[in-house]
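Residues per chain are reported as follows:
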Amino acid sequence: MISPLSAIGSLTLQGASATTPAVSSVATPSGPSFAQTLASAAADAVTTVQGGEAAAIQGVTGSMPTFKVVEQVMSAQRTLQEMISIRDKAVSAYQEISRMTI
Amino acid sequence: MIDPLQASLKISGAGLEAQSTRLRIISQNIANSQSTASVAGADPYARQTVSFDNVLDRASGLSLVRVKNVGVDAAPFKLEHDPGNPAADSDGYVKLPNVDVLVELTDMREANRTYEANLQVAKQSADLLNQTVALLKDA
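In this text the structure is predicted, and so the values were computed from the model without any measurement.

Novice: What's the story with the overall build of chain A in this structure? I'm lost.
Specialist: What chain A contains, in helices and strands, is three helices and zero strands. When the helices and strands of chain A are listed from N to C terminus, the series reads α-α-α. Counting every position in chain A, which comprises 102 residues, the buried fraction comes to 9%.

Novice: How do you make sense of the nonpolar core when you look at a structure like this?
Specialist: As a rule of thumb, soluble globular proteins bury nonpolar side chains together. In terms of nonpolar packing, the biggest core is built from five residues, these being Phe67(A), Leu16(B), Ile26(B), Ala111(B) and Tyr115(B). When residues of this core are traced back to their parent elements, those giving at least two are α1 (4-31) and α2 (101-134) of chain B. Excluding its chain neighbours within four sequence positions, the residues that come into contact with Ala111(B) are Gln19(B), Arg22(B), Leu23(B) and Ile26(B).

Novice: Mind showing me how you'd approach α1(B) here?
Specialist: The α-helix advances 3.6 residues per turn, and as a result positions three or four apart in sequence lie on the same side. If you check α1(B), its first and last C-alpha atoms are 40 Å apart, about what 28 residues at 1.5 Å a residue would give, namely 40 Å. Residues Leu9(B), Lys10(B), Ile11(B), Ser12(B), Gly13(B), Gly15(B), Leu16(B), Ala18(B), Gln19(B), Arg22(B), Ile26(B) and Asn29(B) constitute the buried set of α1(B). Residues of α1(B) that are buried make contact with α3 (66-98) of chain A together with β1 (48-57), β2 (62-72) and α2 of chain B.

Novice: It is not clear to me how the interface of chain B and chain A should be interpreted in this structure. Could you clarify?
Specialist: The parts lose accessible area when they come together, and the size of an interface is often stated as this lost area. With 10 residues of chain B in contact, the opposing surface of chain A contributes 11 residues. Put simply, the parts of the chain that give the side of chain B that touches chain A at least two residues each are α1 and α2 of chain B. Residues of the side of chain B that touches chain A, tallied by class, amount to six nonpolar, two polar and two charged.

Novice: Is there a simple way to explain the confidence of the model for chain A in this structure?
Specialist: Detail in the predicted coordinates should be disregarded across regions flagged by low pLDDT. Residues and elements named next belong to chain A. In this model, chain A carries an average pLDDT of 77, and 72% of its residues clear a pLDDT of 70 or more. Looking across chain A, the model is least confident in helix α1 (residues 4-19), with a mean pLDDT of 48, and most confident in α3, with 89. Confidence over residues 15-24 falls short of pLDDT 50; this stretch has eight contacts with residues more than four positions distant or in other chains.

Novice: Would you explain α3(A) in this entry?
Specialist: The end-to-end C-alpha separation of α3(A) is 48 Å, in line with the 48 Å expected for 33 residues at 1.5 Å each. Phe67(A), Val69(A), Glu71(A), Gln72(A), Ser75(A), Ala76(A) and Thr79(A) are the residues of α3(A) that are buried. Summarising the contacts, the buried residues of α3(A) are in contact with α2 (34-61) of chain A together with α1 of chain B.

Novice: What am I meant to see in the confidence of the model for chain B here?
Specialist: Residue and element names in this part refer to chain B. Within chain B, residue pLDDT values average 90, and 98% of them lie at 70 or more. Ranking the elements of chain B by mean pLDDT puts strand β3 (residues 78-81) last, at 89, and α2 first, at 94. We note a pTM of 0.74 for the whole complex and an ipTM of 0.70 for its interfaces.

Novice: For this particular structure, what's the right way to read the packing of α1(B) against α2(B)?
Specialist: Between two packed helices, both the angle of their axes relative to each other and the distance between the axes serve to describe the pair. Residue and element names in this part refer to chain B. Taken N-terminus to C-terminus, the directions of α1 and α2 make an angle of 160°; their axes are 8 Å apart at the nearest point. Between α1 and α2, the interaxial angle falls into the category roughly antiparallel. The interaxial crossing formed by α1 with α2 has left-handed handedness. A per-class count over the contact of α1 with α2 returns 16 nonpolar, 10 polar and three charged.

The rules behind the values
- Residues numbered from 1 in each chain as written.
- Chains lettered and ligands numbered in written order.
- Predicted model: local features only at pLDDT ≥ 70, side-chain atom pairs only at ≥ 80, totals over all residues.
- Helix = DSSP H or I, 4+ residues; strand = E, 2+ residues; numbered from the N terminus.
- Buried ≥ 20, exposed ≤ 12 C-beta atoms within 10 Å, placed from the backbone.
- Core = buried A, V, L, I, M, F, W, Y, C linked by C-beta atoms within 7 Å.
- Contact = placed C-beta atoms within 7 Å.
- Expected span 1.5 Å × (residues − 1).
- Nonpolar A, V, L, I, M, F, W, Y, C, P; charged D, E, K, R; others polar.
- pLDDT = per-residue confidence, 0-100.
- Axes fitted to C-alpha atoms, helices over the stretch in contact; angles between N-to-C directions.
- Parallel < 35°, antiparallel > 145°, perpendicular 65-115°, else oblique.
- Left-handed = near helix turned anticlockwise from the far one by under 90°.

Below, the structure written as structure tokens:
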């Protein structure tokens, strides 16, 4: 088990090496790439959001208890906010790299 | 491993479900507090009772609450002398349900309070989760 902080470090390294292939001689860390990690997290998020939508529809038709609908919709909302925040972080990280003085 | 705050949301959700079932049974009891039998001398509506049980959710390892069973109160029925009633027996007595509306109202108050307590837990957990996610924003 790799420690979370060094995992972030290796992901950052990989992200940097992906944008600057010239310095790819830097040790490439093993494990899934940042993009893969993000993609699988996004897939999970999509499932949660779809669950929230299905719950909302069932709530309107009255075939699901109210608190279950609320639970699912809140979970979907939170997941969406998480994904948006993570995307913003990723975008700002790439912008940070593009602003690097060469 | 489930997130503890999401776990408390799930647990309080189970509590809400249990208490709303209890409230449903109470409303049945109150609504049927005057329901007599359709056949002469037969038993009227019997008061229903709810009992709760602690159940382990194996997928998440959480201790949830659920309605164990909906039973029937074995207390004797009230007798009322009303010879004109179609449900009256040969002596003119009608069996009325063993529902005491005062007891039901007290029970309803308790169910209400417990529901509110669970709701408060859900509110707090959701609030804390949202605040934690908000840490990611404009940091």
